[in-house]
Amino acid sequence: MADPLSLLRQYNIQKKEIIEREGQIIFGEFSWPKNVKTNYLKYGSGKKGAAKEYYTLECLLYILKNVGLQHSVYVRQAAAEDIPAVNRPDRKELLAYLNGETTTCASIDKSAPLEIPTQVKRPLDTEGIESISKKARYEEQQVQKVKEQLAARLDINKKEASVNLDNIKSLSETMSIEKIAAIKAKRLANKRTTIKRNDTDVDGPDLRAIIDFDVGSTKDIISRERQWRTRTTILQSTGKIFAKSILSLLQSIKNREEGRARPQQQPIKLPEPPRIMRPVIQPAQYNRYDQERFNKQKEETEGFKIDTMGTYHGMSLKLVTEGKQQARSAAIPAAAMPPGRPGKELLPANQGRVVNASQQSKRQSRTPIIIIPAALSSLITMYNARDILQDLRFVTTEQKKAQGCTRDNEVLIQRRKDANTTVPYRIIDNPNKLSASDWARVVAVFVMGPTWQFKGWPWDGNPVEIFSKICAFHIKFDEMKLDANVARWAVTVLNMSRTKRHLDKSILMTFWEKLDLYMLKNKPELRF
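Residues numbered from 1 in each chain as written. Predicted model: local features only at pLDDT ≥ 70, side-chain atom pairs only at ≥ 80, totals over all residues. Heavy atoms only, no water.

(A) Structural context of the nonpolar core. Counting 32 residues, the largest nonpolar core has Ile370, Leu389, Ile427, Phe446, Phe511, Trp512 and Leu515 as its most contacted members. Those elements that place two or more of their residues in this core are helix H13 (385-389), strand E8 (410-416), strand E9 (422-428), strand E10 (442-446), strand E11 (471-477), strand E12 (492-496) and helix H18 (504-522). Looking at this core element by element, the count peaks at seven residues for H18. Residues contacting leucine 515, with those up to four places away along its chain left out, are Ile370, Tyr425, Val443, Ala444, Cys471 and Phe473. (Core = buried A, V, L, I, M, F, W, Y, C linked by side-chain atoms within 4.5 Å. Buried < 20%, exposed > 50% of the residue type's maximum accessible area, 1.4 Å probe, protein only. Helix = DSSP H or I, 4+ residues; strand = E, 2+ residues; numbered from the N terminus. Contact = heavy atoms within 4.5 Å.)

(B) Representation of the packing of helix H1 (residues 4-13) against helix H2 (residues 57-65) in the model. Axis separation between H1 and H2 bottoms out at 11 Å; the angle between their running directions is 20 degrees. With respect to H2, the element H1 is oriented roughly parallel. In this structure, H1 crosses over H2, and the sense of that crossing is right-handed. In this structure, H1 uses Pro4, Leu5, Leu8 and Asn12 to contact H2, whose residues at the interface are Leu57, Leu60, Leu61 and Leu64. Within the contact of H1 with H2, the residues separate by chemical class into seven nonpolar, one polar and no charged. (Axes fitted to C-alpha atoms, helices over the stretch in contact; angles between N-to-C directions. Parallel < 35°, antiparallel > 145°, perpendicular 65-115°, else oblique. Left-handed = near helix turned anticlockwise from the far one by under 90°. Nonpolar A, V, L, I, M, F, W, Y, C, P; charged D, E, K, R; others polar.)

(C) Focus on the pattern of salt bridges. The tally for this structure, following the rule as stated, stands at eleven salt bridges. Between aspartate 516 and arginine 415 there is a salt bridge, and its shortest N-O distance comes to 2.9 Å. Taken together, the positions of aspartate 516 in helix H18 and arginine 415 in strand E8 put the pair 101 residues apart, joining distant regions of the chain. On the basis of relative accessibility, which here comes to 11%, the residue arginine 415 falls in the buried class. Beyond isolated ion pairs, a larger network of salt bridges with shared partners links Glu20, Lys34 and Lys65. (Salt bridge = Lys/Arg side-chain N within 4 Å of Asp/Glu carboxyl O.)

(D) Quick look at the sheet that holds E12. Read across the open sheet, the six strands follow the order E8-E9-E7-E10-E11-E12; overall the sheet is mixed. If you trace the sheet from one side to the other, it starts and ends with E8 and E12, each paired once. On average, adjacent strands in this sheet sit at an angle of 25 degrees to one another, irrespective of strand direction. Packing of H18 onto the sheet brings it into contact with strand E7 (369-371), E8, E9, E10, E11 and E12, and relative to E12 it is tilted by some 165 degrees. (Pairing = 2+ DSSP bridges.)

(E) Region of interest: H18. For H18, which comprises 19 residues, the first-to-last C-alpha distance of 27 Å matches the rise-based estimate of 27 Å (1.5 Å per residue) to within 8%. Taken residue by residue, H18 has Asp504, Ile507, Leu508, Phe511, Trp512, Leu515, Asp516, Tyr518 and Met519 as its buried positions. (Expected span 1.5 Å × (residues − 1).)

(F) Representation of H2 within the structure. Most of H2 sits out of view: seven of its nine residues are buried. Along H2, the residues classified as buried are Leu57, Cys59, Leu60, Leu61, Tyr62, Ile63 and Leu64.

(G) Spotlight on unusual backbone geometry. Although it is not a glycine, lysine 15 sits at a positive phi angle of roughly 60 degrees. Within the secondary structure, lysine 15 sits in the loop between H1 and strand E1 (19-21). The class for lysine 15 is exposed, based on a relative accessible area of 71%. A positive phi is found at aspartate 82, a non-glycine position, where the angle reads about 60 degrees. Locating aspartate 82 in the fold gives a position in the loop between helix H3 (71-80) and helix H4 (88-98).

In structure tokens form, the structure reads like this:
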């Protein structure tokens, strides 16, 4: 049975003419009233016990005509013309189905009752009717004439086929044996080279007239038929796509067959390299005769104080020269030592090397320092600094106290860079303990707002100058009002939510991204 929704989609895709006349919408030879209900459900209907509501054919045709209008303008225009409008949630999916972009839609109710269409007979003009009637009469006359000719031929063939048995005589009475043999030979020769023809065959325009008459009738019947399912549409499914699983299965079969056909390559055995027996170096042991060997080396230096047993590895030129001078000055009291203590002649050389190691400057740390407020009213304190900056998860100070956590003087967090790399950061809240070298490693500070937070800081405690040297941040809840001082300063504000913990990571990643850019530009010597 014809479906108004499917016909509307088919005519819209094929750009065929849809006629509206006398309250009817006409699709070729089928027509429905304008207010007939299609099987397309309205948004929200039929759910939770609600009654099912369907769009009318006039409503769907109207949105196709005004698809270029904005939805608000379309709704007002439809209300002015007293035509029901399509809801906004249905608009995109409905237009995609009617324009042929999708083959089906979830809102189509296939179990909905459909109204039977009425057949439409289109009026023709009088000249067209006369010409069609003349043509029909002429074709009927031609067909009748051909039929009469066929009947006459059949009668003649019947008469020729009828034989009077009384007049039959034997061939031996009418012809001689030689003549009969000649006729048989001639008949066989003609039979081998010719095709038997039936006298009842019809040739020429008479047969063409009959065929054309039948073809015209067949076309008229076929034009009224509508194909419901084809070999392509019958295989289409709305719930599952078989192409992915079938193609993967075929690919696996192909790979298996190619693997069987391919000969297995034998692994190439390389000759083993010859084994080299390396001598094992035995650790040096104490030997009391080394003192004599040292005295001999001392004589070979021609009196110069050269430490042939010492090392200058890892020492700068300044330290080497200072070590020589101190060793030379220490050689005087060492030479005046009382006898009876063997082995103390090694003191000048060894003493110079020990003094150099002690005077070597302490290795500077490359761990960055982050300063946070010491006040408990701040959102970030020593209680929750590890959770916020390392775990990227906001936990209040009250929650940490309720869990029994204690306050540390400083916290060392490990920031995870990738799967196998972490970078340490030192977190403190008392900057008065920092030395000059420590202040060079301060990279970030969390600001509360009052200027007394920077009392005793370098740069005369001026926040503007401090924030030009150190990257500043301010953390607050998103519904809180921003402090007036923070609004004037060059500070990055981190707005945290009180309840939406899933947003913590993205907000706190902003802190690390900003800090990485600052350190790359101003503190490249630190580890980050």
